[in-house]
Amino acid sequence: MSKKMSLILASLTLVSGLILYFIPRQLAPVCQRMPDKPPMACFWGSQACLGLALCAIALGLVLLVLSFVKECKSSFQAGLGTANLLLGAIVYMVLVRFIGGCKNPEMGCRLHTLPAYTLMALVFVLLGLVYLFQGLKSASKK
């Protein structure tokens, strides 16, 4: 994998992780925890999203550092970048299938937040596929 491609993919992973982090906070806020009631599902989904976003940010930072290391094999970078596939699947399954959002389909978390999570899950899957194909392409050249 070329250094330029590696740098672009690592940057995209990092930016996608940051976007995933800011979805429940700023971009598409979820329902806040009410003081006298138990938290709704969308609150717990946003908490899970924050943890997954931190994993994505850490992955992006590691990939960014590895793109500057000359001795790092591109197959190692591709293998690590393919973790985006798993991350995208986890984001989708945890936030859309397992935890979900409010039961009312007219709530903001159902209208804005869950579609944003689904879009970001798709972005991570696509990044993982690009890493996988770039790794296979560079391995076949050797």
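Above this note sits the structure.
What counts and what doesn't
- Residues numbered from 1 in each chain as written.
- Predicted model: local features only at pLDDT ≥ 70, side-chain atom pairs only at ≥ 80, totals over all residues.
- Heavy atoms only, no water.
- Phe/Tyr/Trp six-rings, centres within 6.5 Å; stacked < 30°, edge-to-face > 60°.
- Buried < 20%, exposed > 50% of the residue type's maximum accessible area, 1.4 Å probe, protein only.
- Axes fitted to C-alpha atoms, helices over the stretch in contact; angles between N-to-C directions.
- Helix = DSSP H or I, 4+ residues; strand = E, 2+ residues; numbered from the N terminus.
- Parallel < 35°, antiparallel > 145°, perpendicular 65-115°, else oblique.
- Left-handed = near helix turned anticlockwise from the far one by under 90°.
- Nonpolar A, V, L, I, M, F, W, Y, C, P; charged D, E, K, R; others polar.
- Patch = residues over 30% accessible without salt bridge, like charges linked within 9 Å, V, L, I, M, F, W, Y side chains within 5 Å.
- Areas by Shrake-Rupley, 256 points an atom, 1.4 Å probe, with all protein chains shown as cover.
- Salt bridge = Lys/Arg side-chain N within 4 Å of Asp/Glu carboxyl O.
- Contact = heavy atoms within 4.5 Å.

Peer 1: Help me understand the packing of aromatic side chains, please; the structure alone is not making it clear to me.
Peer 2: Aromatic ring pairs are reported here in terms of the distance separating the ring centres and the angle at which the planes meet. As enumerated under the stated definition, the model contains two aromatic pairs in all. Considering the side-chain rings of Y21 and F22, the 5.2 Å spacing of their centres and the 90° angle between planes classify their relative orientation as edge-to-face. What makes Y21 partly exposed here is its relative accessible area of 26%. In this structure F22 comes out as partly exposed when scored by relative accessible area, which is 35%. Considering the side-chain rings of F43 and W44, the 5.1 Å spacing of their centres and the 75° angle between planes classify their relative orientation as edge-to-face. Assessed through its relative accessible area of 14%, F43 is described here as buried. The exposure class assigned to W44 is partly exposed, which follows from its relative accessible area of 44%.

Peer 1: Explain the packing of helix α1 (residues 3-27) against helix α2 (residues 41-66) to me, please; I cannot follow it from the model alone.
Peer 2: Think of two packed helices as two axes; the pair is described by the angle between the axes and how far apart they sit. Two elements in contact, α1 and α2, have axes separated by 8 Å at closest approach and are oriented at 160°. The orientation of α1 with respect to α2, classified from their angle, is roughly antiparallel. Once α1 is placed against α2, the crossing between them reads as left-handed. The residue inventory of the contact of α1 with α2, partitioned by class, reads 18 nonpolar, six polar and one charged.

Peer 1: I would appreciate a short explanation of a nonpolar patch on the surface in the present structure.
Peer 2: Together, L119, L122, L126, L129, L132, F133 and L136 make up an exposed nonpolar region whose accessible area comes to about 640 Å². Within the element layout of this structure, L122 appears in helix α5 (residues 108-141).

Peer 1: How should I be thinking about the packing of α2 against helix α4 (residues 83-98) in this particular structure?
Peer 2: In the contact formed by α2 and α4, the axes pass within 10 Å of each other and the chain directions differ by 175°. By the angle class used here, α2 and α4 are roughly antiparallel. Facing G45, A48, C49, L52, A56 and L59 of α2, the residues of α4 in contact are A83, N84, L87, I90, V91, V94 and L95. Tallied by class, the residues present in the contact of α2 with α4 amount to eleven nonpolar, two polar and no charged.

Taken by themselves, the reported measurements are silent on function.
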